[in-house]
Amino acid sequence: MSEVSFDIDRVVADARDVDGLSDFGDDSYREPLEKLLWSLEHEAQLNAIGRPVLRQRLVDILSTRLRVQAYLERYPEIREEQILEPLVIVGLPRTGTTMLHRTIAADPRMYAPLWYEVRFPCPALDWDFTAQGDLRIVEAKAEVQAMVDANPELLAIHPMDAMGPDEDIMLLEQSFYSFNMQAFANIPSFDAWIEAQDHTAGYEYFRLLLQFLQWQKKRSGQPGERWALKAPHHLHYMDLVFKVFPDARVVQSHRDPVETIPSLASLIAGVWVIYSDVADPMEVGSQWARKFARGMAHTMAVREQLGEGRFLDLWFRDTVSQPLEEIRKIYDFLGMKLTPEASAEMSQWQEFNRRELRPPHEYTLEEFGFTEEALKRQFRVYRERFIRD
């Protein structure tokens with residue numbers, strides 16, 4: 001037997017040993033975890049880095065779930081936190097959603113999930129509600145640095161900051177109802193299984209974790225009026241976004257898939273090679289183009305069903321050329337005033353995070369098995385509706 005075991009009972013036991021806790025609240029995590037562990041063992045072809053690192057990630061998630069349950073028992077008022085009219089930024093990856101999200105998060109009226117919070121949403125049981133006493137920050141900085149050390153090219157593709165706002169897909173990962181682990185490894189059986197499941201339980205746990213993070217932010221003295229959330233993943237489950245957050249306001253960013261999908265494939269491939277020595281860029285391209293073509297079709301169907309009033313459309317070229325003007329449109333959509341103070345904070349963030357300060361991101365369509373014509377066919381309906389030639 002391998003020294004690094006993907007046996008579910010051993011993984012669960014290791015998670016319970018972290019803090020000596022045993023109550024997961026419910027067992028909704030167990031079936032997706034079991035499917036995921038099987039794929040990691042039998043399909044992912046993990047290397048000497050991938051096996052222990054990804055197993056530890058699962059132990060971290062399970063021990064976090066145990067800790068969350070302990071906090072809920074100790075502070076039942078967490079469940080009473082109200083998540084009001086959250087802003088949800090979506091779009092194909094590489095459409096400027098990260099820049100929009102991080103710029104808007106500079107407004108102190110906005111709650112935004114930070115990287116260390118989505119990776120480790122629950123603090124230690126003895127946390128003193130200060131940044132200085134929060135060991136999650138130390139762990140998150142070390143993990144980000146380890147990823148960059150393993151593949152420095154990641155910084156050219158996606159800015160990584162343990163203390164900066166980031167995607168809430170990692171909160172969905174806490175229930176194992178997400179596509180996040182597929183970004184680390186080739187696990188086709190789990191991918192097919194999880195796509196066929198009802199993800200309501202995942203989104204309900206996501207809402208609970210947002211309540212918990214909001215409670216934490218309030219306890220540590222951070223003001224806020226509403227959440228600014230962002231994840232391309234929500235394209236796949238836009239119906240559940242509105243089911244779980246009925247008053248959500250969605251901003252959708254648009255850019256030609258011919259430009260975005262190869263860039264996404266480059267990012268995913270850059271992560272796969274950290275954890276597997278046989279990562280296949282062609283497989284990356286095929287999997288993720290199909291996945292996001294399916295997700296975009298889903299969101300377009302939800303838009304048709306619910307009506308366009310719940311959505312605001314922005315275009316990448318405008319976001320890049322006039323970001324603050326586009327953000328003003330978002331604030332009008334939200335019914336919020338874009339204050340001079342918020343504008344100043346956003347302008348400062350933009351100045352210190354200019355794209356030209358990072359290395360160029362270089363890739364070709366061919367290395368991922370793409371052609372321009374095939375991508376145009378795959379996303380034809382979306383392109384006809386939203387892409388300006």
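In case you missed it, the structure is sitting above this.
Here goes a summary of the coordinates provided. This one's a predicted model, so the numbers in the text were calculated from it and none came from an experiment.

It is worth spelling out the overall build of the chain at this point. Helices and strands together make up the secondary structure of the chain, namely 18 helices and 5 strands. The C-alpha atoms of the chain give 20 Å as radius of gyration, which agrees with the globular expectation for 389 residues (21 Å, within 12%). Its C-alpha atoms give the chain principal-axis dimensions of about 55 × 50 × 40 Å. Taking all 389 residues of the chain together, 58% fall into the buried category. Contacts in the chain between residues at least 24 apart in sequence constitute 81% of all its contacts with a sequence separation of at least 6. When the accessible surface of the chain is summed, it comes to about 16700 Å², and 50% of that surface belongs to carbon and sulfur atoms.

Below, the discussion takes up the environment of Glu81. Looking at where Glu81 falls in the secondary structure, it is placed in the loop between α3 (50–74) and β1 (87–91). For Glu81, a relative accessible area of 12% corresponds to the buried category. Residues Glu81 and Gly295, spaced 214 residues apart in sequence, show a C-alpha to C-alpha distance of 30 Å. When residues no more than four places from it in sequence are discounted, the contact partners of Glu81 are Gln211, Gln214, Trp215 and Lys218. Polar contacts involving the side chain of Glu81 include one to the side chain of Lys218, which spans 2.8 Å.

Read across the open sheet, the 5 strands follow the order β2-β3-β1-β4-β5; overall the sheet is parallel. Sheet topology places β2 (110–111) and β5 (311–315) at the edges, where each strand pairs with a single neighbour. Across 3 bridges, the pairing between β1 and strand β3 (residues 226–230) is parallel. Bridged to Leu87 within β3 is Ala228. The sheet contacts of helix α4 (residues 97–104) involve β1, β2, β3, β4 (249–254) and β5, and relative to β1 the element is tilted by about 160°. Together, β1, β2, β3, β4 and β5 form the strand contacts of helix α15 (residues 323–334), whose direction differs from that of β5 by roughly 175°.

This part takes up the pattern of salt bridges. Side-chain pairs of opposite charge can arise where the charged atoms are in close proximity. Counted according to the given criterion, the structure contains 29 salt bridges. The partner of Glu143 in a salt bridge is Arg57, with the nearest N and O atoms 3.6 Å apart. With a gap of 86 residues between them, Glu143 in helix α6 (residues 135–150) and Arg57 in helix α3 connect regions that are remote in the sequence. Each of the two residues, Glu143 as well as Arg57, counts as buried. Between Lys217 and Glu117 there is a salt bridge, with the nearest N and O atoms lying 3.0 Å from each other. In this pair, Lys217 sits in helix α10 (residues 200–219) while Glu117 sits in helix α5 (residues 115–119), placing the two residues 100 residues apart along the sequence. Overlapping salt bridges, with partners in common, bring together Arg57, Asp60, Arg119, Glu143 and Glu173 in one network.

Extensive coverage of β3 is indicated by the burial of 5 of its 5 residues. Every second residue of β3 is oriented toward a common face, with Arg226, Ala228 and Lys230 on one face and Trp227 and Leu229 on the other, all of them buried. Bridge count for β2 against β3 is 2 bridges, and the pairing is parallel. Looking across to β3, one finds that Tyr111 is bridged to Trp227.

Glancing now at the packing of helix α1 (residues 8–19) against helix α2 (residues 30–42). The packing of two helices is summarised by the inter-axis angle and the distance between the axes. Direction vectors running N to C along α1 and α2 enclose 120°, while the axes themselves pass 10 Å from each other. Judged by the angle between their axes, α1 and α2 are oblique. Helix-helix and strand crossings are classified by hand; for α1 and α2 the assignment is right-handed. Here α1 contributes Ile8, Asp9, Val11 and Val12 to the contact with α2, which in turn contributes Arg30, Leu33, Glu34 and Leu37.

Here β1 lies mainly inside the structure; 5 of its 5 residues are buried. Burial along β1 is two-sided: Leu87, Ile89 and Gly91 and Val88 and Val90, pointing in opposite directions, are all buried. Summarising the sheet, β1 and β4 pair through 5 bridges and their orientation is parallel. Of the residues in β4, the one forming a bridge with Val90 is Gln252.

What counts, and at which threshold
Residues numbered from 1 in each chain as written. Predicted model: local features only at pLDDT ≥ 70, side-chain atom pairs only at ≥ 80, totals over all residues. Heavy atoms only, no water. Helix = DSSP H or I, 4+ residues; strand = E, 2+ residues; numbered from the N terminus. Rg over C-alpha atoms; globule rule 2.2 N^0.38 Å. Buried < 20%, exposed > 50% of the residue type's maximum accessible area, 1.4 Å probe, protein only. Contact = heavy atoms within 4.5 Å. Areas by Shrake-Rupley, 256 points an atom, 1.4 Å probe, with all protein chains shown as cover. Polar contact = N/O pair within 3.5 Å; in protein donor to acceptor, adjacent residues only side chain to side chain. Pairing = 2+ DSSP bridges. Axes fitted to C-alpha atoms, helices over the stretch in contact; angles between N-to-C directions. Salt bridge = Lys/Arg side-chain N within 4 Å of Asp/Glu carboxyl O. Parallel < 35°, antiparallel > 145°, perpendicular 65-115°, else oblique. Left-handed = near helix turned anticlockwise from the far one by under 90°.

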